[in-house]
Amino acid sequence: MQQLTDQFLEIDFKSEKYKDAYSRINAIVIEGEQEAHENYIQLAELLPESQTELIRLSKMESRHKKGFEACGRNLQVTPDLQFAKEFFSGLHQNFQTAAAQGKVVTCLLIQSLIIECFAIAAYNIYIPVADDFARKITEGVVKDEYSHLNFGEVWLKEHFAESKAELEQANRQNLPLVWKMLNEVADDAKTLAMEKEALIEDFMIQYGEALSNIGFKTFEIMRLSAHGLTA
Ligand code: Y39
Ligand code: FE
Ligand code: FE
Ligand code: FE
């Protein structure tokens with residue numbers, strides 16, 4: 001096969017191999033957007049003073065879901081939603097448990113930091129290798145995801161001192177799930193021309209920046225990242 005640089009890589013969006021991988025990645029994104037929609041509604045109940053803003057974010061998430069459903073239809077792919085539910089079950093369970101205990105800091109870490117950074121990394125890496133239809137949709141979505149991440153950063157920065165211990169615990173509990181999820185999806189992502197190393201790098205940059213914006217010092221960010229890897 002001819003040697004090609006990434007820039008000129010031809011991707012056959014119609015091949016069975018591509019569509020099979022897309023049935024899982026597309027489902028993950030659709031299910032993720034649906035759960036994000038529900039998570040922001042629950043956050044609105046936990047944070048009545050931010051209710052209007054959080055309901056606005058939850059509505060953005062359902063628009064994202066509709067956009068990605070259209071991407072699947074455009075490629076004539078049926079999303080494997082059962083696979084996607086299982087993919088998110090760890091983070092979903094941890095969010096539900098935290099919400100039931102009123103642990104808003106943990107809920108914000110899971111949805112507004114971890115899941116939003118995961119989304120931003122995935123969408124940034126996907127955009128250059130997406131089909132034209134999906135690229136336009138994803139470009140619009142990723143801008144919104146930065147604003148969702150910003151909500152979490154601003155709230156946690158304002159409550160940093162009293163949130164710090166819970167953030168460290170929630171990080172230790174949830175960051176390992178992200179690595180597990182990335183490993184589960186790495187082969188399918190590769191079929192879509194998304195490299196696992198690029199996903200990890202982008203995620204760590206976003207997440208590290210978010211922790212820094214909230215108030216963590218560099219040595220603390222390094223420790224938080226390492227805890228995730230080894231816990
Ligand atoms: O806040 C949001 O909109 C996030 C829910 C959406 C999650 C997207 C998850 C993307 C992971 C895809 C992994 C592909 C390699
Ligand atoms: Fe999203
Ligand atoms: Fe979204
Ligand atoms: Fe979001």
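Scroll up a little and you will see the structure.
What counts and what doesn't
Residues numbered from 1 in each chain as written. Chains lettered and ligands numbered in written order. Predicted model: local features only at pLDDT ≥ 70, side-chain atom pairs only at ≥ 80, totals over all residues. Heavy atoms only, no water. Salt bridge = Lys/Arg side-chain N within 4 Å of Asp/Glu carboxyl O. Helix = DSSP H or I, 4+ residues; strand = E, 2+ residues; numbered from the N terminus. Buried < 20%, exposed > 50% of the residue type's maximum accessible area, 1.4 Å probe, protein only. Donors = N, O, S within 2.8 Å, 3.2 Å for Na, K, Ca; no water.

Enumeration over the complete set of coordinates arrives at nine salt bridges. K85 is the salt-bridge partner of E31, the closest N and O atoms lying 3.6 Å from each other. Here the residue E31 occupies a position in helix α1 (residues 16-46), and K85 occupies one in helix α3 (residues 81-100), the gap between them amounting to 54 residues. Among the ionic pairs, E53 bridges to R56, the shortest N-O distance being 3.3 Å. Remark: R56 and E53 occur in helix α2 (residues 51-74); sequence separation between them is three residues, near one turn of the helix. Given the relative accessible area of 30%, E53 is considered partly exposed.

On to the coordination of the iron ion (ligand 2), then. The coordination sphere of the iron ion (ligand 2), as far as protein atoms go, consists of E33 (OE), E145 (OE) and E145 (OE), spread over 1.9 to 2.8 Å. Here the iron ion (ligand 2) and the iron ion (ligand 3) are spaced 1.9 Å apart, with E33 acting as a shared donor. Of the two residues, E33 sits in helix α1 while E145 sits in helix α5 (residues 132-158), which places them 112 residues apart along the sequence. The pair E33 / E145 is uniform in exposure class, with both members buried.

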